[in-house]
Amino acid sequence: MNEITRLVEQYGDDVMRTAYVMLKSKELAEDAYQETFLRLCRYYDSYRKECSEKTWITGIVINVCRDFLRSAWKKRVTVTDDFSAQISESDTQEIVEKKDEKEELLRSIMKLPDKYREMIHLYYYQELDIKEISRILKIPGGTVKSRLFKARNLLAGMLGGEANG
């Protein structure tokens, strides 16, 4: 159990962020967080160390979130976009403007179709490489690259700019 505690402490924030980005709900993300670590407890002995712990755990949280998205229970829940509630106001204009830009970016990311939102989150926020994302999602590396390219272009269109990789 000490090993599970270490994993919760080391990867808990990443699990919560990934769940939130995929599920767009704090409450569902908290449920997915718990389910992810329950599965880790249940299947820890079967971890074969063929990939990094981070890749393995990210794969589990993504599968948990996909299960939630497919479940009939989820269809009865109203999912909200509550980024604005999470961003606090600041006294300086520069910080406020940066937070507004970040909020706009996050809102735009949350509007992306699931497969593109996943790519942006895994690549930029979880800092996983193409190979790791390919392994987690069980799709070819070329598909990861093309989805990432499409996601960048969609975001650039939403934000009124050019995609810059």
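Quick note: structure is the one above.
I will try to describe carefully the structure that is included in this document. (Residues numbered from 1 in each chain as written. Predicted model: local features only at pLDDT ≥ 70, side-chain atom pairs only at ≥ 80, totals over all residues. Heavy atoms only, no water.)

1. Side note on the packing of helix α3 (residues 53-70) against helix α8 (residues 130-137)
Here α3 crosses α8 at 45°, and the two axes come no closer than 9 Å. It follows that α3 is oblique to α8 by the angle criterion. Where α3 crosses over α8, the two elements pack in a sense that is right-handed. Contact residues: T55, T58, G59, I62 and R66 in α3; E132, R135, I136 and L137 in α8. (Axes fitted to C-alpha atoms, helices over the stretch in contact; angles between N-to-C directions. Helix = DSSP H or I, 4+ residues; strand = E, 2+ residues; numbered from the N terminus. Parallel < 35°, antiparallel > 145°, perpendicular 65-115°, else oblique. Left-handed = near helix turned anticlockwise from the far one by under 90°. Contact = heavy atoms within 4.5 Å.)

2. Focus on helix α1 (residues 2-23)
With 22 residues, α1 should cover 32 Å at 1.5 Å per step; its first-to-last C-alpha distance of 29 Å lies within 8% of that length. Along α1, the residues classified as buried are I4, L7, Y11, G12, D14, V15, T18, A19, Y20, V21, M22 and L23. Phi turns positive, to about 60°, at K24, one or two residues after α1. (Expected span 1.5 Å × (residues − 1). Buried < 20%, exposed > 50% of the residue type's maximum accessible area, 1.4 Å probe, protein only.)

3. Examining the packing of aromatic side chains
Considering all chains together, one arrives at three aromatic pairs under this definition. Taking 4.9 Å as the distance between ring centres and 85° as the angle between the ring planes, the aromatic pair formed by Y123 and Y124 counts as edge-to-face. Y123 sits in the partly exposed class, given a relative accessible area of 28%. (Phe/Tyr/Trp six-rings, centres within 6.5 Å; stacked < 30°, edge-to-face > 60°.)

4. Concerning the packing of α1 against helix α7 (residues 114-125)
Axis separation between α1 and α7 bottoms out at 10 Å; the angle between their running directions is 160°. Compared by their axis directions, α1 and α7 come out roughly antiparallel. For the pair α1 and α7, the crossing hand works out as right-handed. Here R17, T18, V21 and M22 of α1 lie close against α7, whose contacting residues are R117, E118 and H121.

5. Observations concerning the environment of L7
Of note, L7 is situated in helix α1. In this structure the C-alpha to C-alpha distance between L7 and L40, which are 33 residues apart in sequence, comes to 8.9 Å. When residues no more than four places from it in sequence are discounted, the contact partners of L7 are G12, F37, Y44, E53 and I57.

6. Focus: empty space enclosed by the protein
Inspection of every chain in the model, using the stated rule, returns one cavity of 30 Å³ or more. Lining the largest cavity are Y11, D14, V15, T18, K54, I57, T58, V61 and Q126. Those elements that provide at least two residues to the lining of the largest cavity are α1 and α3. Residue classes in the lining of the largest cavity are distributed as four nonpolar, three polar and two charged. (1 Å grid on protein atoms, 1.4 Å probe; cavity = no way out; pocket = protein on both sides within 12 Å on 5 of 7 lines; lining within 4 Å. Points joined across faces, edges and corners; volume = space filled by probe spheres on them. Nonpolar A, V, L, I, M, F, W, Y, C, P; charged D, E, K, R; others polar.)

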